[in-house]
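As a plain string of letters, each chain reads:
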Amino acid sequence: MVRASRVMGLDVGSKTVGVAVSDLMGWTAQGLETVRIDEAQGNYGFDRIVELVKDHDVDRIVIGLPKNMDNSIGPRAQASLDYGHKLENLLPDCQIIFQDERLSTSQAERMLVEEGNVSRKKRKQVIDKLAAVMILQSYLNLKR
């Protein structure tokens, strides 16, 4: 019997990591939570991410790669690459995939403002989680 597993999406920032997970069929992405991190202090929230991977039976993690508009790797994209490589060491049985995510956070914010009429305070609480959903859903759509 084939074991069903999920795919996790991460939107890595300098202060938070938005987390989303797929359904068992790999069709839809749902936001899970926003994990607080502190890059300056070396706290990357890995304990919580590993816990979520185990709790949700995740076998692949899609990390948003915020490339520059000219397709080059800037500081934020490099930070996402570094984050993914550290996760690879912590979760050797989990495949790490990098997904181009240019403008996903600004798209998520636009959605919350235009379609949801969400206050600025509330937007700050959900923006990274919504960006993670968008990154993961984009990946899932490509795999169908």
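Here the structure is shown first, and the text comes after it.
Presented here is a report on the structure given in the accompanying data block. Numbers given for residues are sequential positions, taken from 1 along each chain in its written order. In view of the model being predicted, local features appear only for residues whose pLDDT reaches at least 70, and side-chain atom pairs are presented and counted only at 80 or more, with totals across whole chains, interfaces and linings using the full set of residues. Values shown for side chains rest on all heavy atoms present in the structure; no hydrogens or waters enter the calculation.

Bringing the nonpolar core into the picture now. Across soluble globular proteins, nonpolar side chains have a tendency to be buried as a group. Only buried Ala, Val, Leu, Ile, Met, Phe, Trp, Tyr and Cys residues count toward a nonpolar core, and they belong to the same one when joined by side-chain atoms within 4.5 Å. Here the term buried applies to any residue with accessible area under 20% of the maximum for its type, exposed to any over 50%, and partly exposed to those in between, with areas from a 1.4 Å probe on protein chains only. Counting residues in each nonpolar core, the largest one holds 21 residues, and the members touching the most others are Met8, Leu10, Val17, Ile49, Ile61, Tyr83 and Leu87. Comment: elements are numbered from the N terminus, with helices defined as DSSP H or I runs of at least four residues and strands as E runs of at least two. Broken down by secondary-structure element, the contributors of at least two residues to this core are strand S1 (6-12), strand S2 (16-22), helix H1 (46-55), strand S4 (58-65) and helix H2 (75-90). The biggest single contributor to this core is H1, with five residues. Counting residues in each nonpolar core, the second largest holds eleven residues, with Ala20, Val62, Leu136 and Tyr139 among its members.

A word on the pairing of S4. Across the eight residues that make up S4, a large majority, six, are buried. As paired strands, S1 and S4 are joined by five bridges and run parallel to one another. Bridging from a neighbouring strand, Met8 pairs with Ile61 of S4. Two elements, S4 and strand S5 (residues 95-100), share six bridges in a ladder whose sense is parallel. Bridging from a neighbouring strand, Gly64 pairs with Gln99 of S5. Handedness of the S4-H2-S5 crossover: right-handed. We call two strands paired when DSSP finds no fewer than two bridges between them. Here is how to tell: hold the view so the strands point away, follow the path from the first strand over the helix to the second, and if it runs clockwise the crossover is right-handed.

Moving on to the side chain of Gln137. Positionally, Gln137 belongs in helix H4 (residues 120-143). For the purposes of these results, a polar contact is taken to be a pair of N or O atoms within 3.5 Å, where, inside protein, one atom must be able to donate a hydrogen and its partner to accept one; residues adjacent in sequence count only when each atom of the pair is a side-chain atom. From its side chain, Gln137 meets the backbone oxygen of Trp27 in a polar contact 2.9 Å long. Only heavy atoms enter the contact rule, under which two residues are in contact if any of them lie within 4.5 Å. Those residues in contact with Gln137, other than ones at most four positions away along the chain, are Trp27, Thr28, Ala29 and Arg144.

Attention shifts here to the packing of H1 against H2. Axes, fitted as lines to C-alpha atoms, cover a helix only where it is in contact. Angles between the N-to-C directions of the axes lie from 0 to 180 degrees. Packing of H1 against H2 brings their axes to within 11 Å, and their N-to-C directions diverge by 60°. It follows that H1 is oblique to H2 by the angle criterion. Crossing of H1 over H2 shows right-handed handedness. Only Tyr83, Lys86, Leu87 and Leu90 of H2 make contact with H1, whose side of the interface consists of Phe46, Ile49 and Val50. Classifying every residue of the contact of H1 with H2 gives six nonpolar, no polar and one charged. Oblique is the label for any angle not under 35 degrees, not over 145, and not in the 65 to 115 range, which are roughly parallel, roughly antiparallel and roughly perpendicular in turn. Each crossing is labelled by how the near helix is turned from the far one, with a counterclockwise turn of less than a right angle marking it left-handed and a clockwise turn marking it right-handed. Amino acids are sorted into nonpolar (Ala, Val, Leu, Ile, Met, Phe, Trp, Tyr, Cys and Pro), charged (Asp, Glu, Lys and Arg) and polar (every other residue, Gly among them).

Turning next to the environment of Leu32. Considering the arrangement of structural elements, one finds Leu32 in strand S3 (residues 29-36). With a relative accessible area of 27%, Leu32 lands in the partly exposed category. For the pair formed by Leu32 and Ala20, sequence separation is twelve residues and the distance between their alpha carbons is 5.0 Å. Once residues within four sequence positions are removed from consideration, Leu32 is found in contact with Val19, Ala20, Val21, Leu52, His56 and Lys129.

Moving on: the side chain of Asp23. Looking at the element boundaries, Asp23 is found in the loop between S2 and S3. In terms of polar contacts, Asp23 uses its side chain to reach the backbone amide nitrogen of Gly26, at 2.9 Å.

When the centres of two rings from Phe, Tyr and Trp lie within 6.5 Å, Trp using its six-membered ring, the rings pair. Their planes under 30 degrees apart give stacked, over 60 give edge-to-face, and anything left gives tilted. Counted by the stated rule, this structure contains three aromatic pairs. With centroids separated by 4.8 Å and ring planes inclined at 40°, the aromatic side chains of Phe46 and Tyr83 adopt a geometry described as tilted. You can see Phe46 sitting in helix H1 and its partner Tyr83 sitting in helix H2, a full 37 residues away along the chain. Exposure remark for Phe46: the relative accessible area of 14% places this residue in the buried category. Tyr83 gets classed as buried once you look at its relative accessible area, which sits at 3%.

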